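Structure assessment
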Amino acid sequence: MIRNGHGEAGGAERPGPGGRRAVRVWCDGCYDMVHYGHSNQLRQARAMGDHLIVGVHTDDDITLTVDGRDTYEEVKQAGRYRECKRTQGVSTTDLVGRMLLVTKAHHSSQEMSSEYREYADSFGKCPGGRNPWTGVSQFLQTSQKIIQFASGKEPQPGETVIYVAGAFDLFHIGHVDFLEKVHGLAERPYVIAGLHFDQEVNHYKGKNYPIMNLHERTLSVLACRYVSEVVIGAPYSVTAELLDHFKVDLVCHGKTEIVPDKDGSDPYEEPKRRGIFCQIDSGNDLTTDLIVQRIIKNRLEYEARNQKKEAKELAFLEAMSQQEARPERESDCDL
């Protein structure tokens with residue numbers, strides 16, 4: 001077991017409110033290519049108790065025993081089972097599909113093309129049909145989604161305001177390691193992450209980047225504990241107006257290449273002039289490009305896995321449907 005190192009010293013658990021016994025919550029899943037849907041599930045689970053323990057599966061198959069029984073049956077019978085509300089509009093399947101299809105239909109302000117719609121309806125589909133978990137759906141941004149993830153805190157006197165900017169596409173452990181290093185630069189940090197518009201990212205990344213659109217990237221970054229605020233659609237060049245508006249004390253960039261602005265200028269020219277710019281080595285070589293390359297390389301394997309997974313999920317849904325219908329039939333017989 002790996003214990004989260006950001007709790008109490010020594011990892012000791014605190015008692016619950018009023019000195020009551022602390023409530024420990026167990027939540028499990030595959031968490032393949034962690035996205036804001038996973039983050040929202042964990043956020044909901046954490047709110048159900050005092051301490052959250054997360055189990056990671058070796059695959060993403062629906063949890064059934066070899067004889068087709070629900071593996072949560074015992075805890076359900078004991079009244080200790082709760083379900084988190086699913087975050088609509090996001091799935092690992094959808095994200096993988098965007099990488100493989102190489103279209104820009106998922107970008108903000110873009111209409112879903114007929115090609116992408118056809119792909120979304122058929123990707124990894126098993127012969128038995130389509131289930132509501134594995135399928136592809138279209139993301140709809142709402143203010144409530146942002147509120148659920150936002151901290152709502154403003155910088156306080158004595159805090160060091162640190163600004164970082166980028167695409168933060170397919171938000172991954174490389175991003176987290178970078179933000180953790182940035183967060184550790186000050187005793188009381190307030191980290192602001194500026195996210196570039198989809199069209200801006202596509203200009204300097206090319207192909208069909210970003211894989212996640214601006215709204216999706218916003219929720220992913222907001223879910224990170226090291227980030228206090230997000231600038232949605234930040235300018236590519238870090239301007240004097242931006243620095244003055246947010247009263248920025250420090251501007252950080254990782255070891256990735258700094259691409260010049262459209263006019264050929266250095267996007268970090270102003271913070272460098274003020275002497276508040278620094279580059280941070282996260283110590284992690286993982287990039288969004290590497291993740292995409294892995295998916296493309298293992299496309300056939302992934303599609304086969306997805307079909308197998310969906311078949312099991314459909315079987316589970318059918319079993320649950322029959323189980324729910326059984327008491328009704330028994331009740332009819334009693335009458």
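In the block above lies the structure referred to throughout.
Since we're looking at a predicted model, the values are computed, not measured.

**With respect to the overall build of the protein chain**
The secondary structure content of the protein chain amounts to 12 helices and 7 strands. Within the span of the protein chain, comprising 335 residues, buried residues form 41% of the whole. Here the analysis covers contacts within the protein chain between residues at least 6 apart in sequence; of these, 76% occur between residues at least 24 apart. A total of about 19,400 Å² of accessible surface is found on the protein chain, and carbon and sulfur atoms cover 50% of it.

**A few points about the nonpolar core**
With 39 residues, the main nonpolar core has Val 164, Phe 168 and Leu 179 as its most contacted residues. Looking at this core, the elements with two or more residues in it are α3 (92-101), β3 (160-166), α6 (173-183), β4 (189-195), α8 (214-222), β6 (250-253) and α11 (288-297). Those residues in contact with Phe 168, other than ones at most four positions away along the chain, are His 175, Phe 178, Leu 179, Ala 193, Gly 194, Leu 195, Arg 217 and Val 221.

**Overview of the state of the cysteines**
Throughout the structure, instances matching the rule amount to 0 disulfides. No disulfide involves Cys 27; its sulfur sits 5.2 Å from the nearest other cysteine sulfur, which is in Cys 84. The thiol sulfur of Cys 252 is not disulfide-bonded, and the nearest other cysteine sulfur, from Cys 278, lies at 3.4 Å.

**What about the pattern of salt bridges?**
Evaluated as defined, the whole model comprises 7 salt bridges. Among the ionic pairs, Lys 205 bridges to Asp 289, the shortest N-O distance being 3.2 Å. Of the two residues, Lys 205 sits in helix α7 (residues 198-205) while Asp 289 sits in helix α11, which places them 84 residues apart along the sequence. Note on Asp 289: relative accessible area 30%, which makes it partly exposed. Salt-bridge contacts for Arg 274 lead to Glu 270; the nearest nitrogen and oxygen are separated by 2.8 Å. The exposure class assigned to Glu 270 is buried, which follows from its relative accessible area of 18%.

Criteria and thresholds
Residues numbered from 1 in each chain as written. Predicted model: local features only at pLDDT ≥ 70, side-chain atom pairs only at ≥ 80, totals over all residues. Heavy atoms only, no water. Helix = DSSP H or I, 4+ residues; strand = E, 2+ residues; numbered from the N terminus. Buried < 20%, exposed > 50% of the residue type's maximum accessible area, 1.4 Å probe, protein only. Contact = heavy atoms within 4.5 Å. Areas by Shrake-Rupley, 256 points an atom, 1.4 Å probe, with all protein chains shown as cover. Core = buried A, V, L, I, M, F, W, Y, C linked by side-chain atoms within 4.5 Å. Disulfide = S-S within 2.5 Å. Salt bridge = Lys/Arg side-chain N within 4 Å of Asp/Glu carboxyl O.

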